[in-house]
Amino acid sequence: MRSASLQNTQTKDEFKLEELKKVESILQNIQTYNKEFPFDVQPVPSRKILAPGEEENLELEEEDAGAVVGSAEAFAPRPTGTLLPRLPSEPGMSLLTLRIEKIGLKDAGQCIDPYMTVSVKDCNGVDLNPVQDTPVATKKEDTYIHFSVDVEVQRHVEKLPKGAAIFFEFKHYKPKKRFTSTKCFAFMEMDEIKPGPIVIELYKKPTDFKRKKLQLLTKKPLYLHLHQTLHKDT
C-alpha cells in the first residue's frame, strides 16, 4: 500500500510513512507467544497421520521428541470423525449399519484420542467405498475403549463383490512422536454379515488389506465388539 501510494501521484488515499511504522512492532512480535493477546494462542504442534506401517520407518531423535511431551497431548486437535449418512434404499437391496460397541486392549487406559478407521476393500486391498473415521472415543473402562457409534456401509450388501472385507483400524495419538499411529486392526468377511452381535479378532499392524500374513495381536481374550443391523427395502 505504501509503494502504490508513492507511485501514484494522483491518488487521494495517501499512505504515510508514520502509518507504516505502526506495523513494525506487530511484525516483530507476530511469532511471539503472548498469553495476554487476547487469549492463549500458544503454538500447537501439528499432527501427522501416517499410512499403515509407515511409523515403523520413522526416525525421530529422542531429545527432539521429549521437547514436546505434554504440550502436544494437551493442545493437539482431536479428530472429529468423517462418518457418512445411510444411502437411499433400493427395492430388494440391503444396507448394513455397523455399530462399533467397544474394543478390548490390555493398555486401553493409556491410548490417547483413540478412533477407528473403517474401510471396505476387495480381495486385492482396493477401496470399494469411501473410508470413514469415527469420532474420538471418550469412555475407557478397565481393558475396554467404548465407541458406541454407528457406521453406515456405503454400498448395498448385494453389490459387494466376492472376497471383499470390511476393515477396522484402531488408531491413537502418540504425543512423544507427534503422529497418529495404527495400533491394530480387525476385519469382517462377507459370510459374517448377519444381523446381531459379532466379536472379531485383533491383528498386529501394519494393516494387511490382502489378508495374506495375519498375526494375532494377543493371545488374551481381547476383541472388537460389533453389532450389525440390516435394512432391506421390500
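What comes next is a walk through the structure.

Reading guide: rules and limits
Residues numbered from 1 in each chain as written. Predicted model: local features only at pLDDT ≥ 70, side-chain atom pairs only at ≥ 80, totals over all residues. Heavy atoms only, no water. Patch = residues over 30% accessible without salt bridge, like charges linked within 9 Å, V, L, I, M, F, W, Y side chains within 5 Å. Areas by Shrake-Rupley, 256 points an atom, 1.4 Å probe, with all protein chains shown as cover. Salt bridge = Lys/Arg side-chain N within 4 Å of Asp/Glu carboxyl O. Helix = DSSP H or I, 4+ residues; strand = E, 2+ residues; numbered from the N terminus. Buried < 20%, exposed > 50% of the residue type's maximum accessible area, 1.4 Å probe, protein only. Pairing = 2+ DSSP bridges. Axes fitted to C-alpha atoms, helices over the stretch in contact; angles between N-to-C directions. Contact = heavy atoms within 4.5 Å. 1 Å grid on protein atoms, 1.4 Å probe; cavity = no way out; pocket = protein on both sides within 12 Å on 5 of 7 lines; lining within 4 Å. Points joined across faces, edges and corners; volume = space filled by probe spheres on them. Nonpolar A, V, L, I, M, F, W, Y, C, P; charged D, E, K, R; others polar. Phe/Tyr/Trp six-rings, centres within 6.5 Å; stacked < 30°, edge-to-face > 60°.

## Some remarks on a nonpolar patch on the surface
On the surface, a nonpolar cluster with roughly 320 Å² of combined accessible area is contributed by Leu17, Leu20, Val23 and Leu27. Tracing the sequence through the fold places Leu17 in helix α2 (residues 17–21).

## Regarding the pattern of salt bridges
Scanning the entire structure with this criterion turns up seven salt bridges. Here Glu101 and Arg99 are joined by a salt bridge, their closest N and O atoms 3.9 Å apart. Look at Glu101 and you get partly exposed, because its relative accessible area is 28%. With a closest N to O distance of 2.7 Å, Lys121 and Asp127 form a salt bridge. Assessed through its relative accessible area of 6%, Lys121 is described here as buried. Owing to a relative accessible area of 39%, Asp127 belongs among the partly exposed residues under this scheme. Three or more residues joined by partner-sharing salt bridges are found here, namely Arg99, Glu101 and Asp150.

## Describing the sheet that holds strand β2 (residues 94–104)
Sheet architecture is open: five strands sit in the order β5-β6-β2-β11-β9, paired in antiparallel fashion. At either end of the open sheet lies a strand with only one pairing partner, and these are β5 (139–141) and β9 (196–201). Between one strand and the next, the sheet's axes are offset by a mean angle of 25°, whatever the strand orientation.

## What about the pairing of strand β6 (residues 144–152)?
Two strands pair when backbone bridges link them, and β2 and β6 are joined in this way by seven bridges, in the antiparallel orientation. Residue pairing in the sheet places Arg99 in a bridge with Asp150 of β6. Pairing geometry for β5 and β6, over three bridges, is antiparallel. Each residue of the ladder has a partner; that of Lys140, found in β6, is Ile145. Count of turn residues in the β5/β6 antiparallel hairpin: two residues, of which Asp142 carries a positive phi of about 55°.

## A word on the environment of Gly109
Checked against the element boundaries, Gly109 lands in the loop between β2 and β3 (112–121). In sequence terms Gly109 and Ile145 are 36 residues apart; their C-alpha atoms lie 7.7 Å from each other. With residues up to four places along the chain from it excluded, the contact list for Gly109 reads Lys140 and Asp142.

## Some words on empty space enclosed by the protein
In this structure the tally under the stated criterion is one cavity of 30 Å³ or more. Of the volumes computed, that of the largest cavity is approximately 50 Å³. Taken together, Val118, Ser119, Val120, Asn129, Pro130, Gln132, Glu152, Val153, Gln154 and Ile166 form the lining of the largest cavity. Ranked by residue count, the leading element in the lining of the largest cavity is β3, at three residues. Among the residues making up the lining of the largest cavity, the classes are represented as five nonpolar, four polar and one charged.

## Some points on the packing of aromatic side chains
Inspection of the entire model under this criterion finds six aromatic pairs. On the numbers, 5.5 Å between centres and 35° between planes, the contact of Phe167 with Phe187 is tilted. In this pair, Phe167 is assigned in strand β7 (residues 165–174) and Phe187 in strand β8 (residues 179–189), connecting sequence segments 20 residues apart. According to the relative accessible area criterion, Phe167 is buried, its value standing at 0%.

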